[in-house]
Each structure stands twice: as structure tokens, then as C-alpha cells.
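Report on the structure
The chain contents come next:
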Amino acid sequence: MLAGLLRAQGVPMDEPQVIARTGWSCEELERAIDAALPSGPYPLVSLLIGVNDQYRGASAEAYGRRFEALLGRAAEFAGDRTGRVVVLSIPDWGVSPFAEGRDRAAIARGIDAFNATNRAVTIRHGARYVDITASSRAWNASRHFVADGLHPAGAVYAEWANLVLGAAAAALRV
């Protein structure tokens with residue numbers, strides 16, 4: 001969706017190479033990158049990872065180490081131009097129907113801790129950061145989730161693409 005929005009603005013974009021899959025943790029993404037052997041350099045690299053690390057009970061510190069390693073790899077894929085990496089914050093799964101009966105406030109605190117970590121790492125390394133968490137906290141079951149009550153619907157991905165568009169366009173000017 002983001003590539004399409006950039007093309008609509010006259011930015012030449014090849015089809016993106018997507019490695020990540022819904023449901024993965026940092027460790028699973030690391031293994032998939034090793035298996036995919038992306039060639040690069042790419043003009044733009046995006047990174048959104050961590051919700052499943054938080055869901056599975058990882059600490060923010062452990063997540064931070066893994067995230068920092070993944071951010072380093074993302075920069076390598078961008079030809080060592082960290083400014084061409086766009087990091088998206090972690091959405092709050094605690095607002096989902098799936099989270100019914102769970103401590104939603106505790107989930108939000110956990111997501112906030114992970115996002116504080118990934119934001120600090122992103123800024124320290126000079127990548128671009130886009131907050132999608134705030135928009136995720138306004139989601140509702142009828143429009144924003146697929147049938148499983150946990151995963152985002154297509155409308156959410158369109159919203160994220162629009163939120164990322166400015167940062168992506170700026171990254172491509174680096």
C-alpha cells in the first residue's frame with residue numbers, strides 16, 4: 001500500500017520485498033531474514049516488530065537488544081543509510097476483542113514500554129519513527145479487526161500507509 005501511495009506521488013518504486021509475517025517475534029524475523037538473504041541495497045526499508053515479543057512475555061530489555069540488532073540489519077539493507085529506514089511503533093493489541101477479559105491497562109503499559117525502547121533505539125541510530133500506537137488505541141471491532149478479533153483489517157493497513165507516507169518520502173530524499 002505504501003509503495004502504491006509513493007508511486008501515486010510520482011516516486012518510482014519497485015514491488016516491495018516483504019519478509020515479515022503477522023504473528024512473528026524478533027527472533028522469528030531474524031531467522032526469516034537469514035533464510036531470505038535479501039540482496040539490497042533498497043531505497044527504503046520499514047520495520048514493525050515487537051507486538052508478539054510483548055504478548056509472549058519478553059522483557060523490554062530483551063526486546064530492545066533484538067530490536068537494535070534488527071534495526072542494524074535494516075540499515076544494512078538500505079545501503080548503510082539509516083535515514084532510509086522507517087520504524088513503526090507497535091500497535092496496542094489490548095484494544096482488540098481478543099483481549100477481552102485480560103488486563104488491558106497492563107497490556108497498554110507493556111506496549112508503551114516496548115515503544116519507548118524502540119523509539120529510543122530508532123532515534124539514537126538516526127532512523128525515522130512513526131507512531132501508529134495512538135491510532136491503534138482508537139480501533140473498534142467492526143472496522144479494524146478481521147474475524148479472529150486480533151489481527152488488523154485492511155482499513156488499518158491503509159491507515160498505517162498514510163501515516164508512514166511523509167516519513168517514507170522524506171527517507172527517500174536522503
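Every chain begins its residue count from 1, and numbering advances along the sequence as written. pLDDT decides what is reported in this predicted model: residues at 70 or higher carry local features, side-chain atom pairs at 80 or more are listed and counted, and totals for whole chains, interfaces and linings draw on all residues regardless. Side-chain figures throughout are based on the complete set of non-hydrogen atoms in the structure, without hydrogens or water.

**Focus: unusual backbone geometry**
- Cis rather than trans, the peptide bond between G40 and P41 has omega equal to -5°.
- The helix count covers DSSP runs of H or I at least four residues long, the strand count covers runs of E at least two residues long, and both are numbered beginning at the N terminus. Counting through the fold element by element, P41 comes out in the loop between α2 (26–36) and β1 (45–47).
- Phi at L37 is positive, roughly 50°, even though this residue is not glycine.
- Tracing the backbone shows L37 in the loop between α2 and β1.
- Its relative accessible area of 66% is what places L37 among the exposed residues.
- If you check the backbone angles, D80 has positive phi at about 60° while not being a glycine.
- For D80, the position within the fold is in the loop between α4 (60–77) and β2 (85–88). Exposed residues in this analysis have more than 50% of their type's maximum accessible area, buried residues have under 20%, and partly exposed residues fall in between, with area computed by a 1.4 Å probe over protein chains only.

**Looking at the nonpolar core**
- Working definition of a nonpolar core: buried Ala, Val, Leu, Ile, Met, Phe, Trp, Tyr and Cys residues. They are joined through side-chain atoms within 4.5 Å. Of all hydrophobic cores here, the largest spans 28 residues; its most connected members are L47, F67, L71 and V85.
- A per-element tally of this core places α4 first, with eight residues.
- Every residue pair with non-hydrogen atoms within 4.5 Å of one another is taken to be in contact. Excluding residues that lie within four positions of it along the chain, L71 makes contacts with L47, V85, V87, V121, T122, H125 and A127.
- Counting residues in each nonpolar core, the second largest holds 21 residues, with M13, W160, L165 and A169 among its members.

**Comments concerning the pattern of salt bridges**
- Any carboxyl oxygen of Asp or Glu within 4 Å of a side-chain nitrogen of Lys or Arg constitutes a salt bridge here. Considering all chains together, one arrives at 10 salt bridges under this definition.
- In this structure, R73 engages D34 in a salt bridge whose closest nitrogen and oxygen atoms are separated by 2.7 Å. Of this pair, R73 sits in helix α4 while D34 sits in helix α2; the two residues are 39 residues apart in sequence, bridging distant segments of the chain.
- Across the pair E68 and R124 runs a salt bridge, and its minimum N-O distance is 3.1 Å. Remark: R124 occurs in helix α5 (residues 104–125) and E68 occurs in helix α4; sequence separation between them is 56 residues.
- E68 gets classed as partly exposed once you look at its relative accessible area, which sits at 27%.

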